[in-house]
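Architecture at a glance
Given next are the chains, with one letter for each unit.
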Amino acid sequence: MCGIAGFWDDRQRGEAAATVVRRMTDAIAHRGPDDSGCDCEDGSPALGHRRLSILDISAAGHQPMSSSSRRFVISFNGEIYNFGELRTALEGKGHRWRGHSDTEVLLAGVETWGLAGALERAVGMFALALWDREARVLQLARDRFGEKPLYYGWAGEALVFGSELKALRAHPDWRAEVDRDALALFMRYGYIPAPHSIYRGVRKVPPGTILAFRGAGRDREPEATTYWSAHAMIEEGMRNPLRLDDAELVEACDARLTATVGDEMVSDVPLGAFLSGGIDSSLIVALMKAANRGPVRTFTIGFDVAGYDEATHAKAVAAHLGTEHTELYVTPQDTLDVIPRLPSLYDEPFADPSQIPTFLVAQLARRHVTVALSGDGGDELFCGYNRYFWGSRLWGKLRHMPPSFRRGIAGGLRAVPPARWDAVFDLLGRAAPSRRVDRAGDKLHKLADAIGVDSSHDMYRMLTSHWRNAGAITRHSSEPATVLERPAEWPKVTDFVEQMMYLDLVSYLPDDILVKVDRASMGVSLETRAPFLDHRVAEFAWRVPLHQKMRGGKGKWLLRQVLHKHVPQALVDRPKTGFAIPIDHWLRGELKEWAGDLLSADTLGAQGYFDPGAIARKWQEHQSGSRNWQHPLWNALMFQAWLAASGA
């Protein structure tokens, strides 16, 4: 795994260009501590690279790398898992090799098939910058699901690009302002959906896309080519479903995943896996163990907090599989100590609280290995999130009610303040303690939000929104429409569960889950690989009928059956809990002073980004215990912390 950065400015040449691009790559040295390089020919884009050596750790893997004809030069971040297969095919066409890296194979593929053709044949995760010396075209490209990040924008007259925003900020002409419209999106979702970024005029390359620049000027908009899309994959899967009985399907899924995990275990450096004890990570580790390539190292962290510790489950799975297991129990202080690092680590506002334990387990793994496999993608592809069930059930009941009737029920629930609902349920709880409901008022008001929606896509948006009135709380902003608000662009699926799975796949997965894992792991120079995100696995998953993904009120039915071939059902069959930390309690305790300072009315008023009154109301309700506003407050806090650290 690596980091890439560069710029295109015809006015800057020679050593001056090299100095700038080195400054940009030095800003992301954590992504590649083993080697660095730059290519700065006069009149061409300056390409920079930082290397974390994984495959062909010799000097033959140095980048930027030129093709054998010298027509193309590339700065590449990622892994091509089927590079051996491509290498053999290209040898048949006369290619000869200098080394053994996947980057060299990809370059040969570009010379033979063009960039789009090479990426269509490639299995992997990547972000790259490719300069065509002959055609004088710079191409930026990103993998199918967005596992690897790539930003671009302009600094003065220079086109700048890089794996992280800090690389762009290192350019001497960098000037940027906060994009208030993107901030509104962040406040709603806790992440900034692509192609937006926190800076006005800076964009993310969309997954599955190649952007071609034929000049560096601001007036030269890139030409976009989509070489793969989730939309097309899903529609093809719906047209051509698998018609296998349960036993046949389990065997087919096992074979597909076994082959993929084997491909992703190729490495010239130590390799292991994250293990939470849940379905996805346990299955990946079980298939690694079945590959019989030597001992498998697994890593987990635990918390001495009731309801938040999964380490005991992970330990039981590891013991059954016989892995070399490492666990670390972290204290609340260990966790809190990560918070000051978050603005620099994530580089733009990011508010998924599981960012903290993700960083801690990556830090633990990096002490022992350089590559770790993860179970990311299993929920989105095989129907694992709890919202798929209760959201679908709720909408199934609501859709038959007249809208005016639903709005009336919602209004009635909201008319009673949460504290009064709490008092009512407290009395009921005294009579029947086993049926006591904590924070009943908070839950009933959230139920009112769900009841009041007008459509299934409004239901999904409500389920994924932290601030429903994000545009109102963010001053001088207009919340942009994303794919979540454009149902006409969605694949032709009729089941609400499949709609939610698609939307998670193209928004929540790339812009939250994969951002979280990439920044946390690369922040400690650890490469992560996600076998579920092999596009062949995804294409298989979308051919599986829904009734073979969810059954008996549980998700991931198919994955469970494959896992039960390797791990006893009793070790893994439990409710999904997620990778959570007690942010709600900490905001009333250990984090109260820090958060109160960042969210003070004077601070917010002086900065002018938020409505101080709206934030204050949620802060006061959270402190009183009447409402649990941890997610909207964490959004505001992560922006405030980022703003203070970035000096924006």
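Residues numbered from 1 in each chain as written. Predicted model: local features only at pLDDT ≥ 70, side-chain atom pairs only at ≥ 80, totals over all residues. Heavy atoms only, no water.

1. Quick notes on the overall build of the chain
- The secondary structure content of the chain amounts to 28 helices and 17 strands.
- A compact globule built from 648 residues would reach a C-alpha radius of gyration of about 26 Å, and the chain, at 25 Å, matches this within 12%.
- Projected onto its principal axes, the C-alpha coordinates of the chain cover approximately 80 × 60 × 50 Å.
- Here the chain holds 648 residues, and 59% of them are scored as buried.
- Considering only contacts within the chain whose residues lie at least 6 apart along the sequence, 73% involve residues at least 24 apart.
- Total accessible area on the chain is roughly 24600 Å²; 50% of this is exposed by carbon and sulfur atoms.
- Counting 77 positive and 81 negative side-chain charges, the chain places the centres of these two groups 3 Å from one another. (Helix = DSSP H or I, 4+ residues; strand = E, 2+ residues; numbered from the N terminus. Rg over C-alpha atoms; globule rule 2.2 N^0.38 Å. Buried < 20%, exposed > 50% of the residue type's maximum accessible area, 1.4 Å probe, protein only. Contact = heavy atoms within 4.5 Å. Areas by Shrake-Rupley, 256 points an atom, 1.4 Å probe, with all protein chains shown as cover. Lys, Arg positive; Asp, Glu negative; His and termini not counted. Charge placed at Lys NZ, Arg CZ, Asp CG, Glu CD.)

2. Quick word on unusual backbone geometry
- With omega at -5 degrees, the peptide bond leading from Gln63 into Pro64 counts as cis.
- Relative to the assigned elements, Pro64 resides in the loop between β3 (46-51) and β4 (65-66).
- A cis amide bond links Ala194 with the next residue in sequence, Pro195, at an omega value of 10 degrees.
- Position of Pro195 relative to the elements: it lies in the loop between α5 (180-189) and β10 (203-204).
- Backbone geometry places Ser525, a non-glycine residue, at a positive phi of 60 degrees.
- With respect to the helices and strands, the residue Ser525 is situated in the loop between α20 (496-522) and β17 (527-529).

3. Some remarks on the nonpolar core
- Ranked by size, the top nonpolar core spans 194 residues in total, and within it Leu128, Met459, Trp634 and Phe639 carry the most contacts.
- Residue contributions to this core peak at 14 residues, all from α20.
- Beyond its immediate stretch of four places on either side in the chain, Met459 contacts Gly391, Leu394, Trp395, Leu398, Ala450, Val453 and Phe496. (Core = buried A, V, L, I, M, F, W, Y, C linked by side-chain atoms within 4.5 Å.)

4. As for the pairing of strand β2 (residues 35-39)
- Where β2 meets β3, five bridges bridge the pair, whose relative direction is antiparallel. Considered in β3, the bridge of Gly37 is made with His49.
- The antiparallel hairpin formed by β2 and β3 contains six residues in its connecting segment, where Gly43 sits at a positive phi of about 80 degrees. (Pairing = 2+ DSSP bridges.)

5. Considering the packing of aromatic side chains
- Evaluated as defined, the whole model comprises 17 aromatic pairs.
- Between Tyr152 and Phe213, the ring centres sit 5.6 Å apart and the planes meet at 70 degrees, which makes this aromatic pair edge-to-face. Here the residue Tyr152 occupies a position in strand β8 (residues 151-155), and Phe213 occupies one in strand β11 (residues 209-213), the gap between them amounting to 61 residues. Here Tyr152 matches Phe213 in class, with each residue buried.
- An aromatic cluster of at least three residues, connected via ring pairs, comprises Trp174, Tyr199, Tyr609, Phe610, Phe639 and Trp642. (Phe/Tyr/Trp six-rings, centres within 6.5 Å; stacked < 30°, edge-to-face > 60°.)

6. So, helix α3 (residues 102-121)
- Here α3 is 20 residues long, yet its end C-alpha atoms lie only 13 Å apart, well below the 28 Å a rise of 1.5 Å per residue gives.
- The largest bend along α3 measures about 120 degrees and falls at Trp113. (Expected span 1.5 Å × (residues − 1). Bend = angle between axes of the 7 residues up to and from the residue.)

7. A short note on helix α14 (residues 387-398)
- In this model α14 runs 15 Å from its N-terminal to its C-terminal C-alpha over twelve residues, within 8% of the 16 Å that 1.5 Å per residue would give.
- Taken together, the buried positions of α14 are occupied by Arg387, Tyr388, Phe389, Gly391, Leu394, Trp395 and Leu398.
- In this structure, the buried residues of α14 make contact with α13 (378-382), α15 (403-415), α17 (440-451), α18 (456-464) and α20.

8. Some details on the side chain of Thr326
- Mapping Thr326 onto the fold places it in strand β15 (residues 324-330).
- Reaching out from Thr326, the side chain makes a polar contact with the side chain of Arg297 at a distance of 3.4 Å. (Polar contact = N/O pair within 3.5 Å; in protein donor to acceptor, adjacent residues only side chain to side chain.)

9. Let's talk about the pattern of salt bridges
- Per the stated rule, a full pass over the model turns up 43 salt bridges.
- Of the charged contacts, one joins Arg22 and Glu15 as a salt bridge, the two residues approaching to 2.9 Å between their closest N and O atoms.
- With relative accessibility at 38%, the residue Arg22 sits in the partly exposed group.
- A relative accessible area of 52% means that Glu15 is categorised as exposed.
- For Lys492, the salt bridge identified is with Glu235, shortest N-O distance 4.0 Å. (Salt bridge = Lys/Arg side-chain N within 4 Å of Asp/Glu carboxyl O.)

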